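Analysis of the macromolecular model
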Amino acid sequence: MTRVHLLSPWSGHMDCAKCPVRDSAVFSSLDPAQIALVQDSFDDLRIAAKRVLFHQGAHSEALFTVRTGALKLVRHGIDGSARIVRIVKPGDLAGIEVLNGREYDASAMAIGPVRVCRLPLSALERLKEVDPTLAQRMLEKASDALSEAQLWLAELTAGSAPARVRVARLLLRLRTSKRGNDVFRLASADIAAILGVTVETASRVVAAFKREGILTPPAAGSYVMGADFERLALEAEVSEN
């Protein structure tokens, strides 16, 4: 059995009251007294860009909530292929499959600098005892993750829509927040891996969006870039023949 080995710098225990995704996280309805019961069990981790948080096939007794930044979940095939199956954004859970005693379904890699909260299963069980509705909310989070994965298959990797349409659909799903004006920046190789197109095609479409002002070129070293979401939505709505 492979156990997960975390290489991420530990930044202490979580201060849930100051969590930037408190309202959208799975514990949003818990009061401070309930959180205080297990807060010292939640670890605050920082992951550098392109570092792996956990590996596919590893066994663990914890899952993670993304606080800032984003993770890409990469599934490796027995033939050596690698496919990005989901982007985990702030407020989302990563590794939720361990709730059913399973190993991690995919490897989680930081797109840029990422901050996560490590949630041990033992602490979650204690929380369920004081708030029986927590189990239902975790099921809802798991359902959201499944729905997102299905949407990726339906909108991004399947069908005959042109590459430009599919890139636009992907960028809409990479929005950093519901009201934000930025998208998480992915390398052309990552976009190609998600959409099943060539790296050259992905690079050409992104370059065209920048020339047309749909995307704003990022500042040096930035892992986000500006986007005109109204125009992206128009691009994404082109019907398939």
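What you are looking at is a predicted structure, and each value in this text was computed from that prediction instead of being measured.

Attention shifts here to the sheet that holds strand β5 (residues 71-76). With antiparallel pairing, the four strands of this open sheet are ordered in space as β3-β8-β5-β6. The outermost strands of the open sheet, each flanked by one partner alone, are β3 (52-54) and β6 (82-88). Neighbouring strand axes in the sheet, compared pairwise and without regard to direction, differ in orientation by 35° on average. Here six bridges tie β5 to β6, and the two strands are oriented antiparallel to one another. Residue pairing for β6: lysine 72 is matched across the bridge by isoleucine 87. Its contacts with the sheet place helix α5 (residues 188-195) against β5 and β6, and it is angled at close to 100° to β6.

Our focus in this paragraph is the confidence of the model for the protein. Confidence in the prediction of the protein, expressed as mean pLDDT, is 81, and 79% of residues score 70 or more. The low-confidence segment residues 1-7, where pLDDT is below 50, has 18 contacts with residues more than four positions distant or belonging to other chains.

So, on to the pattern of salt bridges. Inspection of every chain in the model, using the stated rule, returns seven salt bridges. Of the charged contacts, one joins arginine 164 and glutamate 212 as a salt bridge, the two residues approaching to 2.5 Å between their closest N and O atoms. Of this pair, arginine 164 sits in helix α4 (residues 163-173) while glutamate 212 is found in the loop between α6 (199-211) and β11 (215-216), placing the two residues 48 residues apart along the sequence. Residue classification places arginine 164 among the partly exposed positions, given a relative accessible area of 25%. On the basis of relative accessibility, which here comes to 35%, the residue glutamate 212 falls in the partly exposed class. By sharing partners, the salt bridges in this structure join Asp44, Arg67 and Arg115 into a single network.

Procedures and definitions
Residues numbered from 1 in each chain as written. Predicted model: local features only at pLDDT ≥ 70, side-chain atom pairs only at ≥ 80, totals over all residues. Heavy atoms only, no water. Pairing = 2+ DSSP bridges. Helix = DSSP H or I, 4+ residues; strand = E, 2+ residues; numbered from the N terminus. Axes fitted to C-alpha atoms, helices over the stretch in contact; angles between N-to-C directions. Contact = heavy atoms within 4.5 Å. pLDDT = per-residue confidence, 0-100. Salt bridge = Lys/Arg side-chain N within 4 Å of Asp/Glu carboxyl O. Buried < 20%, exposed > 50% of the residue type's maximum accessible area, 1.4 Å probe, protein only.

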